[in-house]
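# Topology and contacts: notes
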Amino acid sequence: MSKQSTEDSPIRLVMHPLVPRLLHVAGIEALTPSMRRITLAGLAPEAPFPFTPMAASDHVKLVFPEAETGQIHLPTVVDDRLAMPEGRPRPIFRDYTVRAHDGGAGTLDIDFVLHQHGPAGLWAIGAQLGDTLGVLGPRGSHIYPSDFDQYLIAGDETAVPAMARWLEELPPGAQATVLVTVASLAEQPALPHRVGTSVTFLDRSVQGAGVLAQAFASVVPVPGRLFVWAAGEAGSLKPIRRHVREVLQLPPAHVDIDGYWKLGVEGLDHHEQDSDD
Ligand SMILES: Cc1cc2nc3c(=O)[nH]c(=O)nc-3n(C[C@H](O)[C@H](O)[C@H](O)COP(=O)(O)OP(=O)(O)OC[C@H]3O[C@@H](n4cnc5c(N)ncnc54)[C@H](O)[C@@H]3O)c2cc1C
């Protein structure tokens, strides 16, 4: 299914068949002291993986091993809907960005923030070559417009894989301003270099999580059409939503702000945003 973009709604949605996959860890690379890239291999050529250009927020649901048995019980697909494995606890799912896909090698790269507070973060810390992981989706791709005059892109480390895709996939000449908060400036992830882009790292250890909204509010947009994309800890994005609505007064269709996780909440469903958002 594909929804066409229009002047009012320049984001095009393309749906993909729902495919559960069981992949294995074929590569582990340290990106920073608190981020690592895990390359997952085993994509079957008969079920092509949808990797869609200009869809930086494309994500899969990762299915983690059961705590007690270490086994992964993948859901099945019945009438294009997920059916949970019978007689077993509901599997643990978490959303992760598809950082890269190599069709020839049959691999996906996922960049994990390493943190000790939840099953996904802990899995990534302990992952070893040969470990298995379930992967569902992506269910659909939001294909962003490529003809805006300026892109303002903001977030924390969980948004860095999507930011890297933005910078790789925006057409040459597109102007982008990227604001990234990091736990400390010693832990800056590498982002692709491109002409017409400024990338600013902001240190949460000095200024707190509010530094993102402050930096966002100080950006003076260039004349023309502005597209805003932001993701990361949900609470830190609230003032950004407000600024976009009340100060920049952008049409909602020119904005995509997504709470990727929320302090103190396990397995946040990013489709459920707070009502005051
Ligand atoms: C569309 C989408 C794409 C995403 N892409 C990525 C990605 O590419 N890489 C990535 O690392 N994350 C990504 N995330 C965020 C990731 O899904 C969450 O961080 C998730 O909550 C981690 O699951 P968990 O089991 O480790 O923690 P949970 O069980 O969900 O949460 C347990 C506790 O951990 C805390 N917590 C959760 N995440 C973090 C964090 N990052 N840092 C510190 N504390 C945390 C919570 O506040 C909670 O108290 C994405 C989320 C969405 C919605």
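Predicted model, so just to flag it, every value in this text is computed and none were measured.

## A word on the sheet that holds strand E14 (residues 175-182)
- Spatially, five strands are ordered E15-E14-E13-E16-E17 in an open sheet, and the strand pairing comes out parallel. The sheet is open, and its two borders are formed by strand E15 (197-203) and strand E17 (255-261), each paired with just one other strand. Between one strand axis and the next, the sheet turns through 10° on average, direction left out of account.
- Bridging between strand E16 (residues 226-233) and E17 involves six bridges; their strand directions are parallel. Residue pairing for E17: Glu233 is matched across the bridge by Trp261.
- On the sheet, helix H5 (residues 234-248) packs against E16 and E17 and is oriented at approximately 165° with respect to E17.

## Some points on the pattern of salt bridges
- All chains considered together, the criterion is met by 10 salt bridges.
- The residue Arg139 makes a salt bridge to Asp80 at a minimum N-O spacing of 2.8 Å. Of the two residues, Arg139 is situated in the loop between strand E11 (132-136) and strand E12 (140-143) and Asp80 in the loop between strand E6 (76-78) and strand E7 (81-83); the sequence distance between them amounts to 59 residues.
- Residue Arg99 is joined to Glu168 by a salt bridge in which the shortest nitrogen-to-oxygen separation is 2.7 Å. Taken together, the positions of Arg99 in the loop between strand E8 (92-97) and strand E9 (100-102) and Glu168 in helix H2 (residues 160-169) put the pair 69 residues apart, joining distant regions of the chain.
- Using a relative accessible area of 10% as the deciding quantity, one classes Arg99 as buried.
- We classify Glu168 as partly exposed; its relative accessible area is 45%.
- When salt bridges that share partners are traced, they join Arg37, Arg99, Asp111 and Glu168 into one network.

## Some thoughts on the domain arrangement of the chain
- Along its sequence, the chain is carved into domain 1 (2-141) and domain 2 (144-261).
- Averaged C-alpha coordinates put domain 1 and domain 2 at centres separated by 24 Å.
- For domain 1, the biggest contributors to the area lost against domain 2 are Met54, Ala56 and Arg99; these three give 34% of the whole.
- Remark: the boundary between domain 1 and domain 2 carries one salt bridge.
- At the junction of domain 1 with domain 2, the criterion picks out eight residue pairs in polar contact (both at pLDDT 80 or more).
- Per-class residue counts for the side of domain 1 that touches domain 2 are 11 nonpolar, six polar and five charged.

## Some points on the packing of aromatic side chains
- Considering all chains together, one arrives at 12 aromatic pairs under this definition.
- Plain terms: the ring middles of Trp229 and Tyr260 are 6.3 Å apart, the flat faces sit at 75° to each other, and that makes the pair edge-to-face. Taken together, the residues Trp229 in strand E16 and Tyr260 in strand E17 connect sequence positions 31 residues apart.
- Relative accessible area serves as the criterion here: at 1%, Trp229 is assigned to the buried category.

## A look at the nonpolar core
- The biggest cluster of nonpolar side chains holds 29 residues, and the ones touching the most others in it are Tyr151, Met163, Trp166, Val180, Leu191, Phe227 and Trp229.
- Only strand E13 (150-155), H2, E14 and E16 provide two or more residues apiece to this core.
- With six residues, the single largest contributor to this core is H2.
- Three or more residues apiece are contributed to this core by two domains, here domain 1 (2-141) and domain 2 (144-261).
- If we skip the residues at most four places from it in the chain, Phe227 touches Ile11, Tyr144, Pro145, Phe148, Gln150, Tyr151, Leu152, Trp166, Ala253, His254 and Val255.

## Overview of the sheet that holds strand E10 (residues 107-113)
- Strand order in the open sheet made by the seven strands is E8-E5-E11-E3-E4-E10-E9, with antiparallel pairing throughout. Of all strands in the sheet, those with a lone pairing partner are E8 and E9, marking the two edges. Between one strand axis and the next, the sheet turns through 35° on average, direction left out of account.
- Summarising the sheet, strand E3 (residues 20-32) and strand E4 (residues 35-41) pair through seven bridges and their orientation is antiparallel. Following the sheet pairing, Val25 is matched in E4 by Leu40.

## Regarding the environment of Asp269
- Within the element layout of this structure, Asp269 appears in the segment after E17.
- Taking the C-alpha atoms as reference points, Asp269 and Ala56, 213 residues apart in sequence, are found 19 Å from one another.
- One polar contact links the side chain of Asp269 to the main-chain amide nitrogen of His271, over a distance of 2.9 Å.

Rules of the game
- Residues numbered from 1 in each chain as written.
- Predicted model: local features only at pLDDT ≥ 70, side-chain atom pairs only at ≥ 80, totals over all residues.
- Heavy atoms only, no water.
- Pairing = 2+ DSSP bridges.
- Helix = DSSP H or I, 4+ residues; strand = E, 2+ residues; numbered from the N terminus.
- Axes fitted to C-alpha atoms, helices over the stretch in contact; angles between N-to-C directions.
- Contact = heavy atoms within 4.5 Å.
- Salt bridge = Lys/Arg side-chain N within 4 Å of Asp/Glu carboxyl O.
- Buried < 20%, exposed > 50% of the residue type's maximum accessible area, 1.4 Å probe, protein only.
- Domains from an automatic or database assignment.
- Buried area = accessible area lost by both parts, 1.4 Å probe.
- Polar contact = N/O pair within 3.5 Å; in protein donor to acceptor, adjacent residues only side chain to side chain.
- Nonpolar A, V, L, I, M, F, W, Y, C, P; charged D, E, K, R; others polar.
- Phe/Tyr/Trp six-rings, centres within 6.5 Å; stacked < 30°, edge-to-face > 60°.
- Core = buried A, V, L, I, M, F, W, Y, C linked by side-chain atoms within 4.5 Å.

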